[in-house]
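Tertiary structure, described
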Amino acid sequence: MKTLVCFGDSITSKEKSKDGSLRLTSRLRQELTEWVVMNAGIPAETTRAALVRLQDDVLRHHPDFVTILFGANDSSDHRLIPLKEYEKNLTYMVNKIGAEKVILISPAPVFEKKQMARTNDRMKKYAQTVKKVAKHEGTSYVPLFETLVEKNIQKYVIDDGLHFNKFGYEELSELLLRNIKTLTAITFPKKQLSP
């Protein structure tokens, strides 16, 4: 069995939302039925804090793939991590895990009318940094910011303008599954993929 660890902040954490709808790892498990999908999301976390638990929450499981989704807190007024440090922290994670195993996801835009601690101008810079790290390190990349910024973001988030509702998780999981299917088709021989 393949092991996928989803490493991130509150967007990644928890299996279900308050309304009972499935969040990221629950949705992925429905599709990746032959895989072990682990949730390593911690609410309110930045990349700086995540480095401390990288070994215990990710590396010790010897995963085949790791999604990394941080930036909502790194870019917030109250926890602001400088862009250079954010880039350095992501690069460190990629190097420790192994670039071929990492799927970097850009942070999502926010609905600014409801979200007072974050702006899309700043979030865009963090998203561009994720893309830069992915290109430089040769990892897979999921353009969550680019995808959702073109849409009505209000449709994808709850009342706080930041956290996803079921439509946000549908979009994220679809983008991620498409990426995983592309990666596994390349990584594993076709005969192993057929039933």
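The shown structure was predicted, so the numbers you read here are calculated from the model rather than taken from an experiment.

Moving on to the pairing of strand β3 (residues 65–69). On any regular strand, side chains alternate: one points to one face of the sheet, the next to the other face. Of all five residues in β3, five are buried, a share of seventy percent or more. Residue alternation in β3 divides its side chains into two sets, F65, T67 and L69 and V66 and I68, and both sets are buried. Here five bridges tie strand β1 (residues 2–8) to β3, and the two strands are oriented parallel to one another. Looking across to β3, one finds that L4 is bridged to F65. Between β3 and its parallel partner strand β4 (residues 102–105), the chain crosses via helix α3 (residues 83–97), and the hand of that crossover is right-handed.

Further remarks concern the nonpolar core. Judged by nonpolar contacts, the single largest core of 28 residues is most densely connected at L4, L28, L32, L144, F164, L172 and L176. Looking at this core, the elements that each hand over two or more residues are β1, α1 (24–31), β2 (35–41), β3, β4, α5 (144–149) and α6 (166–187). When residues of this core are assigned to their parent elements, the largest contribution, seven residues, is made by α6.

The topology assignment puts K2 in strand β1. C-alpha of K2 to C-alpha of V37: the two residues are 35 residues apart in sequence and 8.5 Å apart in space.

For the rest of this paragraph, the subject is the packing of aromatic side chains. What the rule picks out here adds up to four aromatic pairs. Ring geometry for F7 versus F70: centroids 5.2 Å apart, planes at 80°, classification edge-to-face. Residue F7 is located in strand β1, and its partner F70 is located in the loop between β3 and α3; the two are separated by 63 residues in the primary sequence. Each member of the pair, F7 together with F70, is buried. Centroid distance F164 to Y169: 5.5 Å. Interplanar angle 85°. Geometry classified as edge-to-face. In terms of burial, F164 and Y169 fall into one category: buried. Looking at K155, its charged tip hangs above the ring of F167, at a distance of 5.5 Å from the centre.

Under the definition given, this model contains eight salt bridges. Among the salt bridges present, the one from R48 reaches E85, with a minimum N-O distance of 2.7 Å. One end of the pair, R48, is in helix α2 (residues 47–57); the other, E85, is in helix α3, and 37 residues separate them in sequence. Salt bridges sharing partners connect three or more residues here, namely E45, R53 and D57.

Attention now moves to unusual backbone geometry. For K14, which is not a glycine, the phi torsion comes out positive at approximately 70°. Relative to the assigned elements, K14 resides in the loop between β1 and α1. A positive phi angle, near 70°, is found at A44, a position not held by glycine. Topologically, A44 is positioned in the loop between β2 and α2. Relative accessible area serves as the criterion here: at 35%, A44 is assigned to the partly exposed category.

If you trace the five strands from one edge of the open sheet to the other, you get β2-β1-β3-β4-β5, paired in parallel fashion. Of all the strands in the sheet, just β2 and β5 (140–142) have a single pairing partner and so form its edges. Between one strand axis and the next, the sheet turns through 20° on average, direction left out of account. Of the pairings in the sheet, the one linking β1 to β2 comprises seven bridges and is parallel in character. Bridge pairing in β2 places L4 opposite V37.

Analysis parameters
- Residues numbered from 1 in each chain as written.
- Predicted model: local features only at pLDDT ≥ 70, side-chain atom pairs only at ≥ 80, totals over all residues.
- Heavy atoms only, no water.
- Buried < 20%, exposed > 50% of the residue type's maximum accessible area, 1.4 Å probe, protein only.
- Helix = DSSP H or I, 4+ residues; strand = E, 2+ residues; numbered from the N terminus.
- Pairing = 2+ DSSP bridges.
- Right-handed = clockwise from strand over helix to strand, strands pointing away.
- Core = buried A, V, L, I, M, F, W, Y, C linked by side-chain atoms within 4.5 Å.
- Phe/Tyr/Trp six-rings, centres within 6.5 Å; stacked < 30°, edge-to-face > 60°.
- Lys NZ or Arg CZ within 6 Å of the ring centre and 35° of its normal.
- Salt bridge = Lys/Arg side-chain N within 4 Å of Asp/Glu carboxyl O.
- Axes fitted to C-alpha atoms, helices over the stretch in contact; angles between N-to-C directions.

The analysis is restricted to geometry; functional conclusions fall outside its scope.
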